[in-house]
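Descriptive analysis of the structure
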Amino acid sequence: MTTLAADQITVSFGDLVAVDDVSLTVDAAASVGLVGESGSGKTTVAKVLCGLQRPDSGRVLFDGQMLPRRRSVAQRRAVQMVFQDPFGSLNPRRRIGSMLTELLRVHGLSSGSERARALELLELVGLPGAALDRYPAAFSGGQRQRIAIARALAAEPRIVIADEPVSALDVSVQATVLRVFAQLRSELDIGLLLISHNLAVIRVLCETVAVMYLGRLVETGTTAELFEDPRHPYTRALLAAVPRLRPSVDVAEVVGIGGVPATPSQQTASAPPLTGGCPYAPVCPLVQEVCRERAPALEPVGTGPRRAACHFRDEPARRMR
Amino acid sequence: MTEPASRSTGAGLQVQGLTVTVPAGGGRAEVVHDVSFDAGHGEAVGLVGESGSGKSMTLRATMALLPRVVSADAGTVVLDGQPLPFVGRRARALRRGRIALVFQDAASALDPVRTVGAQIGEVAQHVAGLGRGETRPRTLELLELVGIRDPARRMRSYPHELSGGMRQRAMLAVALAAEPGALLCDEPTTALDVTVQAQVLELIDELRRRLSLAVVFVSHDLAVIRQVCERVSVMYAGRIVETGPTAVVLERPRHPYTRGLLEAVVDLDRSRAMPEPIAGMVPEPGALPPGCPFAPRCPLAGPECSEAEIPLEAIDSGRQVACLHHDLVPAP
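Time to look at the overall build of chain B. Helix and strand counts for chain B stand at 11 helices and 12 strands. At 20 Å, chain B has a C-alpha radius of gyration in line with the 20 Å of a compact globule built from 332 residues. Its C-alpha atoms put chain B at 70 × 50 × 40 Å along the principal axes. Burial analysis of chain B (332 residues in total) assigns 50% to the buried set. Considering only residue pairs separated by 6 or more positions, chain B has 65% of its internal contacts joining residues 24 or more positions apart.

Set out below in structure tokens:
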């Protein structure tokens with residue numbers, strides 16, 4: 001079975017540790033969500049996985065094989081990326097058809113007619129064949145994002161990594177693009193790693209989810225259990241902060257106490273450097289003495305497989321109300 | 001949740017019959033058509049819509065900040081009983097110190113080469129008319145008001161030294177230095193992380209109550225509007241298609257577009273059900289269909305919908321909707 005895995009990845013930029021010992025697995029036809037705020041390191045993890053960023057340490061494995069620093073064409077084809085901005089990621093001077101057929105040639109996938117295959121790709125993402133002869137400017141944001149997905153699919157990938165693919169889109173077109181992603185899994189057996197700060201989007205598309213905070217994974221598990229019963233205080237703050245159509249939780253109660261969660265720049269600029277304690281401790285509403293002394297590892301909650309990096313992960317009812 | 005505010009008669013901000021046009025193919029096309037709304041002191045009202053709905057243009061016209069080629073062709077803006085013109089020197093002068101505007105992008109709204117304190121102080125002196133001696137204490141007070149810790153140090157910071165949420169707070173402090181009666185917010189939290197967004201929304205809510213501000217909040221995010229605004233107007237193709245108390249409109253929409261938006265939105269409380277897209281595309285200004293602009297995308301539309309403009313009609317307490325078939329709109 002196809003699997004893309006990050007194994008103990010660490011990436012630093014100067015003094016800043018952007019990704020700290022992150023392990024993550026995406027199986028074929030699975031959909032994994034990676035959640036975190038600006039500066040949490042989620043995009044850096046994505047770049048490492050598709051070979052755009054070299055990790056300082058750790059390995060990227062595909063089907064159990066370690067991927068080399070320079071990936072072969074086949075290895076690059078297997079993992080494709082879709083970016084947030086559908087306006088910046090398409091060449092404005094290339095017709096959609098010419099862009100897709102060139103890709104098919106580059107990837108050596110031009111068995112028979114490239115144009116016929118390009119039509120097939122557009123159909124997969126729900127666009128009419130007439131789109132082949134148009135320039136990107138002729139399309140709306142949602143349509144461009146579908147073109148970007150078609151471009152990723154041209155490589156016949158096994159895994160697609162999508163970085164905030166619907167954040168720039170209007171509400172009424174978000175739904176269309178989310179449906180295309182759902183279809184990739186169900187019809188093409190493609191594994192999806194969806195990176196988003198939008199927890200509602202993750203909930204709709206992903207079975208499992210990993211939460212990042214300051215470069216580390218703080219909680220992983222199935223979307224259902226993690227959303228119903230978060231065990232890390234940061235996950236809980238994130239969930240409480242999402243505005244809802246039927247508001248019930250008092251946001252101030254959860255987010256207000258802890259103050260602003262620290263960002264990497266604040267950590268280096270103003271906050272004292274971490275000295276072995278939990279990175280969330282400075283803003284955690286539930287902080288205890290032990291949290292300042294010893295950083296919790298990402299360990300199983302109960303008997304697992306769910307994991308959380310909190311000393312109090314097993315006692316949610318009492319400590320987290 | 002916001003508590004109901006007292007709506008004193010005549011006080012606050014009223015916009016009536018606003019129409020805004022842009023040049024299009026030799027003629028002019030309407031991007032805002034006959035839009036009216038009001039916000040009393042201490043009340044927050046929302047304008048919600050997608051790109052091209054005219055919500056930002058409405059806000060900019062209210063603020064007399066339209067680009068030169070765009071013009072407000074009809075309508076009135078009245079603040080505390082006084083009509084305000086849309087163009088000319090008087091238009092800006094009469095708004096100065098009375099209506100403030102905050103944007104999505106605080107980084108470009110603030111001057112990058114001057115400290116936050118200098119920018120707040122300038123407005124306090126020249127707009128609110130404070131003396132030199134009063135400026136520093138007032139600056140500190142404002143920074144504290146917007147929840148910036150250690151204001152004496154932060155007033156010496158440049159915008160780039162602040163995080164996104166802090167910059168948004170600093171922009172609010174500059175806006176409030178003018179001591180306005182009305183605060184217009186254009187997607188002020190869209191670029192922020194969710195935890196920071198929650199804090200800034202709380203802050204705007206608190207400022208509204210403490211300073212009795214008339215707040216007009218523009219957003220594409222229904223859930224954000226739900227959290228901040230007592231009343232909401234839903235805009236489509238430059239018109240208000242439904243307006244009323246936020247809870248009522250969002251829980252039981254009576255315009256097919258409002259319902260379509262609610263079905264399309266991803267909401268955390270909905271289980272794994274896939275959101276439903278709205279068929280078709282927003283029409284271009286200048287190429288609006290006759291009658292109801294939503295008719296070509298509407299599941300309930302018949303030929304009668306394209307015959308004539310459909311006005312807003314009062315259907316229940318405080319709610320108006322521009323739809324001939326509002327009684328057929330199913331619950332979401």
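Glancing now at the overall build of chain A. For chain A, the count of helices and strands is 13 helices and 12 strands. Sorting the 321 residues of chain A into buried and exposed places 48% on the buried side.

Moving on: the nonpolar core. Counting residues in each nonpolar core, the largest one holds 194 residues, and the members touching the most others are V45, L49, I161 and L193 of chain A together with A173, V215 and V216 of chain B. For this core, the leading source of residues is helix α7 (residues 164-177) of chain B, giving 9 residues. Both of domain 1 (3-212) and domain 2 (244-319) of chain A provide at least three residues apiece to this core. In contact with V216 of chain B, not counting residues within four places along its chain, are L13, A39, V45, L47, L59, L184 and C185 of chain B.

Here we come to unusual backbone geometry. Cis geometry is adopted by the peptide bond preceding P305 of chain A, which originates at G304 of chain A and carries an omega value of 5 degrees. Mapping P305 of chain A onto the fold places it in the loop between β11 (299-300) and β12 (307-308). Here D189 of chain A, not a glycine, exhibits a phi torsion of approximately 60 degrees, which is positive. Looking at the secondary structure, you find D189 of chain A in the loop between α6 (171-188) and β8 (191-196). D189 of chain A gets classed as partly exposed once you count the C-beta atoms within 10 Å, which come to 14. Although it is not a glycine, A237 of chain B adopts a positive phi angle of roughly 50 degrees. Residue position: A237 of chain B is located in the loop between β9 (231-236) and β10 (239-245).

For an interface, size is often stated in terms of accessible area lost upon the parts coming together. Listed by partner, the interface residues are 36 residues for chain B and 35 residues for chain A. Tallying contributions element by element places helix α8 (residues 194-211) of chain B first for the side of chain B that touches chain A, with 7 residues. When the residues that make up the side of chain B that touches chain A are grouped by side-chain class, the tally is 18 nonpolar, 9 polar and 9 charged.

Interhelical geometry of helix α9 (residues 233-241) of chain A versus α8 of chain B gives an angle of 50 degrees and a closest axis separation of 8 Å. Relative to α8 of chain B, the element α9 of chain A lies oblique. Between α9 of chain A and α8 of chain B lies a crossing of left-handed hand. Of α8 of chain B, the residues touching α9 of chain A (which contributes A237, L238 and A241 of chain A) are V194, T195, Q197 and A198 of chain B. Residues of the contact of α9 of chain A with α8 of chain B, tallied by class, amount to 5 nonpolar, 2 polar and no charged.

Bringing the sheet that holds strand β4 (residues 71-79) of chain B into the picture now. Residue and element names in this part refer to chain B. Spatial strand order, β2-β1-β4-β5: 4 strands in an open sheet with antiparallel pairing. The sheet is open, and its two edges are formed by β2 (27-39) and β5 (82-84), each paired on a single side. The sheet shows a mean angle of 20 degrees between the axes of neighbouring strands, taken without regard to direction. In this structure, strand β1 (residues 13-24) lies alongside β2, joined through 9 bridges in antiparallel fashion. When the sheet's bridge partners are listed, P23 is paired in β2 with R28.

The next point concerns the environment of T135 of chain B. Residues and elements named next belong to chain B. Within the element layout of this structure, T135 appears in helix α5 (residues 132-145). The class of T135 is buried, set by 20 C-beta atoms lying within 10 Å. Residues T135 and V20 lie 115 residues apart in sequence; the distance between their C-alpha atoms is 39 Å. Excluding residues that lie within four positions of it along the chain, T135 makes contacts with G121, A124, Q125 and L130.

Residues and elements named next belong to chain A. Of all the 6 residues making up strand β9 (residues 208-213), 6 are buried; the element is thus mostly covered by neighbouring parts of the structure. With burial as the criterion, each face of β9 is covered, one bearing T208, A210 and M212 and the other bearing V209, V211 and Y213. Pairing geometry for β9 and strand β10 (residues 216-222), over 6 bridges, is antiparallel. The partner of M212 across the bridge, within β10, is L217. From the end of β9 to the start of β10, which pair antiparallel, there are 2 residues, and L214 there has a positive phi angle of about 50 degrees.

Let us now look at the sheet that holds β9 of chain A. Residue and element names in this part refer to chain A. The sheet built from 8 strands is open, its strands ordered β6-β7-β8-β3-β9-β10-β12-β11 with mixed pairing. Edge positions in the sheet fall to β6 (79-82) and β11, since each has one partner strand and no second. Strand direction decides the pairing type here: strand β7 (residues 159-163) and β8, joined by 5 bridges, are parallel. Within β8, the position partnered with A162 by the bridge is L194. Contacting β6 and β7, helix α5 (residues 141-154) crosses the sheet at an angle of about 170 degrees to β6. In the packing of α6 onto the sheet, the strands contacted are β3 (31-35), β7 and β8, and the crossing angle to β8 comes to about 155 degrees.

All names here are of chain B. When you tally the buried positions in helix α1 (residues 55-62), you get 7 out of 8 residues, the bulk of the element. Of the residues making up α1, those classed as buried are K55, M57, T58, L59, R60, A61 and T62. Directly beyond the C-terminal end of α1, a positive phi value near 60 degrees is found at A64.

Let us now look at the pairing of β10 of chain A. Successive side chains on a regular strand alternate, one facing one side of the sheet and the next facing the other. All names here are of chain A. The buried count for β10 comes to 6 of 7 residues, which makes it a mostly enclosed element. In the sheet, β10 pairs with β12 via 2 bridges, with the strands oriented antiparallel. Its bridge partner being in β12, E219 is matched across the sheet by A308.

Before going further, it helps to spend a moment on the packing of helix α4 (residues 116-126) of chain B against α7 of chain B. Residue and element names in this part refer to chain B. Between α4 and α7, the least distance of the axes is 7 Å, while the angle of their chain directions is 20 degrees. As judged from the angle between their axes, α4 and α7 are roughly parallel. Here α4 runs over α7; the crossing is right-handed. Every residue of α7 that contacts α4 at V116, Q119, I120, V123 and A124 is listed here: A170, A173, V174 and A177. Of the residues belonging to the contact of α4 with α7, the class tally is 8 nonpolar, 1 polar and no charged.

What follows deals with the confidence of the model for chain B. All names here are of chain B. On average, residues of chain B score 91 in pLDDT, and 96% of them reach the 70 mark or higher. The least confident element of chain B, judged by mean pLDDT, is helix α3 (residues 106-109) at 84; the most confident is β9 at 98. Low pLDDT, under 50, characterises residues 1-8; the predicted model gives this stretch 15 contacts beyond four residues in sequence or across chains. On the interface metric, ipTM, the complex scores 0.83, and its pTM is 0.88.

What counts and what doesn't
Residues numbered from 1 in each chain as written. Chains lettered and ligands numbered in written order. Predicted model: local features only at pLDDT ≥ 70, side-chain atom pairs only at ≥ 80, totals over all residues. Helix = DSSP H or I, 4+ residues; strand = E, 2+ residues; numbered from the N terminus. Rg over C-alpha atoms; globule rule 2.2 N^0.38 Å. Buried ≥ 20, exposed ≤ 12 C-beta atoms within 10 Å, placed from the backbone. Contact = placed C-beta atoms within 7 Å. Core = buried A, V, L, I, M, F, W, Y, C linked by C-beta atoms within 7 Å. Domains from an automatic or database assignment. Nonpolar A, V, L, I, M, F, W, Y, C, P; charged D, E, K, R; others polar. Axes fitted to C-alpha atoms, helices over the stretch in contact; angles between N-to-C directions. Parallel < 35°, antiparallel > 145°, perpendicular 65-115°, else oblique. Left-handed = near helix turned anticlockwise from the far one by under 90°. Pairing = 2+ DSSP bridges. pLDDT = per-residue confidence, 0-100.

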